Each structure stands twice: as structure tokens, then as C-alpha cells.
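Structure assessment
Each chain is listed here by its residues.
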Amino acid sequence: LKFQEPVLQQLHEYWHRQRGARAMPARLDIDVAEIPALLPYMFVIDVLENPRDFRFRVSGTHMRQALGEELTGRHIADAFPPDFGSEVKAIWSRVVDQKTPVRGWGDLWVPGKEFLKWEGAAMPLSSDSAAVNMLLGGVIFPQIAYRRP
């Protein structure tokens, strides 16, 4: 995958290094102390099954700054409007089913802030090297990240 934003490219390269010869790394392979500059842009998602859903285990400060609210602990339906939430659920399900990273981009889904652009990534994590039980992700809102005070 190629990303426009360097922080996402760095996160993807880190995920790739941590997986080694495996299809995907485990959550225990991700050591945030090794990538402190990426932390504000990162999120970790719990993959829930029967029925499939996704919950923000951790959400970086950059996302909170852009959205004006904390997403940690929230499910997709509680975090996003219905249309966008359905799209996210479909894309993250593809990561789970295909066990491969994805890149996304678009306009911010918050009413009144649609002028803000975003780029994001979601990458599979597996505790048993077979089933995806978490996602490692990143998102950046360039107009906020590069805004001068």
C-alpha cells in the first residue's frame, strides 16, 4: 500500500516489520514505545463476532481533536453516523476476512466539518496467527495536523 501521509506510511511499514514471515502480527508485537510519534494518529479496534461489530479499544488524540469527542470504548454505531458507519464496517470486515491492510480517504463525516479531508489505514492483528481479533489503524486529518497556531 502507498499512503499520501507519511505517518500512515510509517505505521504500515512498522506493521509489516512486526509481522515478519507471518500473515499478520499480534497485538503483543505492537510496542508503542517504538513508535511514539505515531501514537496521536493511531487506534486499536476490537473485532467482535456473532454478530460482527467493531469497538475502539484505543483512539489517538488526533482523532479526538478532529472530532471533538472521545471514541475509546465506543462501537461503530455509537461513533459514526449510520451511512458512514456502514461503510466503515464493510471496509473493516474486508480487513478481517481477507487478512490484509486497507487504505481509505474522504471527507470528514461530522456535519459542518465536511470540508476536512482524512486519510486512514486499518491493518489486521491476530493472537493466533489465523483469525483476526483486532485491527491496528491510523487516521490523519491534514488540515488539522498541519495547522499553524
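Details of the structure are given in the entry above.
Residues numbered from 1 in each chain as written. Predicted model: local features only at pLDDT ≥ 70, side-chain atom pairs only at ≥ 80, totals over all residues. Heavy atoms only, no water.

**Quick notes on the overall build of the protein**
Tallying secondary structure elements over the protein gives 5 helices and 5 strands in all. Along the chain direction, N to C, the helices and strands of the protein fall in the order α-β-β-α-α-α-β-β-β-α. Over its C-alpha atoms the protein spans a radius of gyration of 15 Å, differing by no more than 12% from the 15 Å that the globule rule assigns to 149 residues. Summarising the internal contacts of the protein: among those between residues at least 6 apart in sequence, 52% fall at separations of at least 24. Positive and negative side-chain charges in the protein, numbering 18 and 18 respectively, have mean positions lying 3 Å apart. (Helix = DSSP H or I, 4+ residues; strand = E, 2+ residues; numbered from the N terminus. Rg over C-alpha atoms; globule rule 2.2 N^0.38 Å. Contact = heavy atoms within 4.5 Å. Lys, Arg positive; Asp, Glu negative; His and termini not counted. Charge placed at Lys NZ, Arg CZ, Asp CG, Glu CD.)

**So, the side chain of Glu119**
Within the element layout of this structure, Glu119 appears in strand S4 (residues 117–125). What makes Glu119 buried here is its relative accessible area of 4%. Looking at Glu119, its side chain comes within polar contact range of the main-chain nitrogen of Glu5, at 2.9 Å. Polar side-chain contacts of Glu119 include one of 2.6 Å to the side chain of Arg103. When near neighbours in sequence (up to four residues on either side) are disregarded, Glu119 contacts Phe3, Gln4, Glu5, Leu8, Arg103, Gly104, Trp105, Gly138, Val139 and Ile140. (Buried < 20%, exposed > 50% of the residue type's maximum accessible area, 1.4 Å probe, protein only. Polar contact = N/O pair within 3.5 Å; in protein donor to acceptor, adjacent residues only side chain to side chain.)

**Some points on the packing of aromatic side chains**
On inspection of all chains with the given rule, the structure shows 7 aromatic pairs. Judged by centre distance (5.6 Å) and plane angle (75°), the ring pair of Phe54 and Trp92 falls under edge-to-face. Taken together, the residues Phe54 in strand S2 (residues 53–59) and Trp92 in helix H4 (residues 82–98) connect sequence positions 38 residues apart. The exposure classification of Phe54 matches that of Trp92, with both residues buried. (Phe/Tyr/Trp six-rings, centres within 6.5 Å; stacked < 30°, edge-to-face > 60°.)

**Thoughts on the environment of Val47**
As for its position among the elements, Val47 is in strand S1 (residues 42–48). Ignoring sequence-local partners within four residues, the contact set of Val47 consists of Asp53, Phe54, Val96, Val132, Asn133, Met134 and Leu135.

**A word on the layout of surface pockets**
As a volume, the largest pocket reaches approximately 250 Å³. Around the largest pocket, the lining comprises 20 residues; the ones closest to its centre are Phe43, Val88, Trp92, Trp118 and Gly120. At the level of elements, H4, strand S3 (102–107), S4 and strand S5 (134–140) are the ones that each hand at least two residues to the lining of the largest pocket. Of the residues forming the lining of the largest pocket, the biggest block, 5 residues, is contributed by H4. (1 Å grid on protein atoms, 1.4 Å probe; cavity = no way out; pocket = protein on both sides within 12 Å on 5 of 7 lines; lining within 4 Å. Points joined across faces, edges and corners; volume = space filled by probe spheres on them.)

**Details of the nonpolar core**
Residues Phe56, Phe80, Trp92, Trp109 and Leu135 are the most contacted members of the largest nonpolar core, which totals 48 residues. Listing elements by their share of this core, those giving two or more residues are helix H1 (6–19), S1, S2, helix H2 (61–67), helix H3 (76–79), H4, S4 and S5. Those residues in contact with Phe80 that sit more than four places away from it in its chain are Phe56, Leu71, Gly85, Val88 and Trp109. (Core = buried A, V, L, I, M, F, W, Y, C linked by side-chain atoms within 4.5 Å.)

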